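Here is what each chain is made of, one letter per residue.
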Amino acid sequence: MPESPFYAAVESRRTVRDFLPDPVPQEVLDRALDAARLAPSSSNLQPWEFVIIRDPAIRRSAEAACLDQGPAKTAPVLIALVTHRDTWRRNRDEILRTFEGRRPLRPSQASYYKRIIPLIYTTGPFGILGPFKRAFSRVASLFKPTPNLMSREDIRIMAHKSTALAAATFMLALRAEGYDSCPMEGFDPWRAKALLDLPRGAELNMFLAVGQRSDKGVWGDRVLLPRDWAVREL
Ligand SMILES: Cc1cc2nc3c(=O)[nH]c(=O)nc-3n(C[C@H](O)[C@H](O)[C@H](O)COP(=O)(O)O)c2cc1C
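What counts, and at which threshold
- Residues numbered from 1 in each chain as written.
- Predicted model: local features only at pLDDT ≥ 70, side-chain atom pairs only at ≥ 80, totals over all residues.
- Heavy atoms only, no water.
- Axes fitted to C-alpha atoms, helices over the stretch in contact; angles between N-to-C directions.
- Helix = DSSP H or I, 4+ residues; strand = E, 2+ residues; numbered from the N terminus.
- Parallel < 35°, antiparallel > 145°, perpendicular 65-115°, else oblique.
- Contact = heavy atoms within 4.5 Å.
- Nonpolar A, V, L, I, M, F, W, Y, C, P; charged D, E, K, R; others polar.
- Near = heavy atom within 4 Å.
- Polar contact = N/O pair within 3.5 Å; in protein donor to acceptor, adjacent residues only side chain to side chain.
- Areas by Shrake-Rupley, 256 points an atom, 1.4 Å probe, with all protein chains shown as cover.
- Pairing = 2+ DSSP bridges.
- 1 Å grid on protein atoms, 1.4 Å probe; cavity = no way out; pocket = protein on both sides within 12 Å on 5 of 7 lines; lining within 4 Å.
- Points joined across faces, edges and corners; volume = space filled by probe spheres on them.

Draft legend 1. Structural detail: the packing of helix 1 (residues 5-12) against helix 8 (residues 152-176). Taken N-terminus to C-terminus, the directions of helix 1 and helix 8 make an angle of 105°; their axes are 9 Å apart at the nearest point. Judged by the angle between their axes, helix 1 and helix 8 are roughly perpendicular. Taking contact as the criterion, the partners of Ala9, Val10 and Ser12 in helix 1 are, on helix 8, Leu172, Arg175 and Ala176. Residues belonging to the contact of helix 1 with helix 8 are distributed by class as follows: 4 nonpolar, 1 polar and 1 charged.

Printed below as a string of structure tokens:
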């Protein structure tokens, strides 16, 4: 890989399963969080929330929800990364306000955020409209290229994709600062959701353990699958 701070961070980032007890300076955490907020997201709706767990009692329950995994127990900082399907209206309105504060809203911006986004994100009570929207898109696609109008499940996937990109950006930013992380989806989603008191339209994307690796933090050399399994040309 070329020599650059970016590639150095990419290459030296490893999943760390055992951390030193040393605290993570708040300014390091803040910079990495602000980098994560720059991650791309579907329609720029930024459906993520990083919940930094400070309360000792909540922390203990979070460790249990993470199945008492080593990284959750040893990391000086534990973060719950939440994906929101329930914030699209608020976020859309803020985007429109920002656009309008800069210059008169372009017709394409107005149409996209006022018409298309509600069409995509509205799935009715209990997601009842979702299967019809999806079926309509599927049939229309037989005749011309058509975007998926999205069921609730499709929206979940979309929101999780964007949130995972924020997680990746966060972990690389931490590495650029000389800090480490462990992403964890090995957790009890029901207990974690109740612990964080999340609304119906939100769920845990992953937990992130953050700190500095101990000398037993990295479990061996990387195992990288063949390049042509990951990349192909058509
Ligand atoms: C979405 C996601 C969930 C993961 N969950 C866990 C986990 O619960 N516990 C754990 O020890 N590692 C977890 N990992 C870490 C992977 O095992 C690790 O990224 C992989 O083995 C490659 O190692 P590396 O990150 O050191 O390159 C997770 C990684 C991702 C991306």
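Draft legend 2. Highlighting the site of the ligand. Close contacts around the ligand come from Arg13, Arg14, Thr15, Arg17, Gln69, Cys182, Pro183, Met184, Glu185, Gly186 and Arg222, and that covers them all. Side-chain polar atom of threonine 15 to an oxygen atom of the ligand: 2.6 Å apart, as the coordinates give it. Within the contact set of the ligand, a nitrogen atom lies 3.0 Å away from a backbone nitrogen or oxygen of glutamate 185. The protein chains hide 64% of the 620 Å² of surface that the ligand would expose on its own.

Draft legend 3. Inspection of the sheet that holds strand 2 (residues 77-84) at higher detail. Read from one edge of the open sheet, 4 strands run 1-2-4-3, paired in antiparallel fashion. Every interior strand has two partners, whereas the edge strands, strand 1 (48-53) and strand 3 (180-184), have only one. Going across the sheet, the axis of each strand differs from the next one's by a mean of 25°, ignoring polarity. In the sheet, strand 2 pairs with strand 4 (residues 202-211) via 8 bridges, with the strands oriented antiparallel. Bridge pairing in strand 4 places threonine 83 opposite glutamate 203. Against the sheet, helix 2 (residues 26-36) touches strand 1, strand 2 and strand 4, its axis set at about 165° to strand 1.

Draft legend 4. Quick look at empty space enclosed by the protein. Per the counting criterion, the structure on display carries 1 cavity of 30 Å³ or more. The calculated volume of the largest cavity comes to roughly 80 Å³. Together, Ser42, Leu45, Pro47, His84, Arg85, Thr87, Trp88, Tyr121, Ile155, Met158, Ala159 and Ser162 line the largest cavity. Looking at which element gives the most residues to the lining of the largest cavity, the answer is helix 8, with 4 residues. When its residues are assigned to classes, the lining of the largest cavity shows 7 nonpolar, 4 polar and 1 charged.

These figures capture arrangement, not role.
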